[in-house]
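Remarks on the overall topology
Residue-level listing of the chains:
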Amino acid sequence: VSYRRWVTTGVEILARSLQWRWIRSMPGGVSQALVQALHERGEQVFEIGKVFDDERVPGRVIDPACKAGPALDSRIVDRLRRVDPGAPVWVGDVRSGTGEPLLPAAMHEALQNATTWHVDATLDVRARILHTTLRKAGLSDVECLAMLERRIPSKHAAAIARVRRR
């Protein structure tokens, strides 16, 4: 059996055997912030951003070109092997700019069938979470505000102004 087939089979078996709890929200990092808070409380989490080599900024839409290939599947299998199948696994939302699934088909299917929580957060909350996350990632206030201005439609400029005043 080839290594590639072993990885593909591993993703299929492990993804389908877990008790997924999928937190979905609008872009802005809310679902990732909730997953992080659950992790800090001792819950079992699967941080999707980690399988993208920690390059993912919460709230950022992922380029589908970075998802393809055996390396991503290998990282997913490596992380899934560490998960306790007897306990729920919390996972945040992940999106691509095209709407096409970023994860292997078996994992995407498992999440589609998971217990799902849809979290509704105001634009102010999403902007504040994204700003805090970007600051923790080392961006300056100027860089953070510039990113918020690019991500938030101009008709919602008041939300950016409120982040600026903090």
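Residues numbered from 1 in each chain as written. Predicted model: local features only at pLDDT ≥ 70, side-chain atom pairs only at ≥ 80, totals over all residues. Heavy atoms only, no water.

With that settled, the discussion passes to the packing of aromatic side chains. Counted under the stated rule, the structure contains three aromatic pairs. For the ring pair tyrosine 3 and tryptophan 6, a centre distance of 5.9 Å and an interplane angle of 25° mean the geometry is stacked. Residue tyrosine 3 and its partner tryptophan 6 are both found in helix α1 (residues 3-17); the two are separated by three residues, about one turn of the helix. For the pair tryptophan 20 and phenylalanine 46, a centre-to-centre distance of 5.7 Å together with 85° between the ring planes defines the contact as edge-to-face. With tryptophan 20 in strand β1 (residues 19-25) and phenylalanine 46 in strand β2 (residues 45-46), this pair connects stretches of sequence that are 26 residues apart. With relative accessibility at 3%, the residue phenylalanine 46 sits in the buried group. Positioned above the aromatic ring of tryptophan 22 is the side chain of arginine 24, whose terminal nitrogen or guanidinium carbon lies 4.1 Å from the ring centre. (Phe/Tyr/Trp six-rings, centres within 6.5 Å; stacked < 30°, edge-to-face > 60°. Helix = DSSP H or I, 4+ residues; strand = E, 2+ residues; numbered from the N terminus. Buried < 20%, exposed > 50% of the residue type's maximum accessible area, 1.4 Å probe, protein only. Lys NZ or Arg CZ within 6 Å of the ring centre and 35° of its normal.)

A few words now on the sheet that holds β2. Strand order in the open sheet formed by four strands is β2-β3-β1-β4, and the pairing between neighbours is parallel. Each edge of the open sheet is held by one strand with a lone partner, namely β2 and β4 (115-119). As judged from the two bridges shared by β2 and strand β3 (residues 88-91), these two strands associate in the parallel manner. Each residue of the ladder has a partner; that of valine 45, found in β3, is tryptophan 90. Across the sheet, helix α5 (residues 105-112) lies against β1, β2, β3 and β4, angled at about 80° from β1, the strand it touches most. (Pairing = 2+ DSSP bridges. Contact = heavy atoms within 4.5 Å. Axes fitted to C-alpha atoms, helices over the stretch in contact; angles between N-to-C directions.)

Another point: the nonpolar core. Core analysis: the biggest nonpolar cluster contains 22 residues, and Trp20, Phe46, Ile76, Leu80, Val91 and Met107 have the highest contact counts within it. Once you skip the residues sitting within four places of it in the chain, isoleucine 76 turns out to touch Val11, Phe46, Val51, Leu103, Pro104 and Met107. Of all hydrophobic cores here, the second largest spans five residues; its members include Ile23, Val35, Leu38 and Trp90. (Core = buried A, V, L, I, M, F, W, Y, C linked by side-chain atoms within 4.5 Å.)

Right, let's talk about the packing of α1 against α5 for a bit. At a closest axis distance of 8 Å, the pairing of α1 and α5 adopts a crossing angle of 10°. Considered as vectors, α1 and α5 are oriented roughly parallel to each other. Contacts between α1 and α5 involve Val11, Glu12, Ala15 and Arg16 on the former and, on the latter, Ala106, Met107, Glu109 and Ala110. Looking at the contact of α1 with α5 residue by residue, the classes come out as five nonpolar, no polar and three charged. (Parallel < 35°, antiparallel > 145°, perpendicular 65-115°, else oblique. Nonpolar A, V, L, I, M, F, W, Y, C, P; charged D, E, K, R; others polar.)

Turning to helix α4 (residues 70-80), its buried residues are Leu72, Asp73, Ser74, Ile76, Val77 and Leu80. Those residues of α4 that are buried lie in contact with α1, β1, β2, α3 (48-51) and α5.

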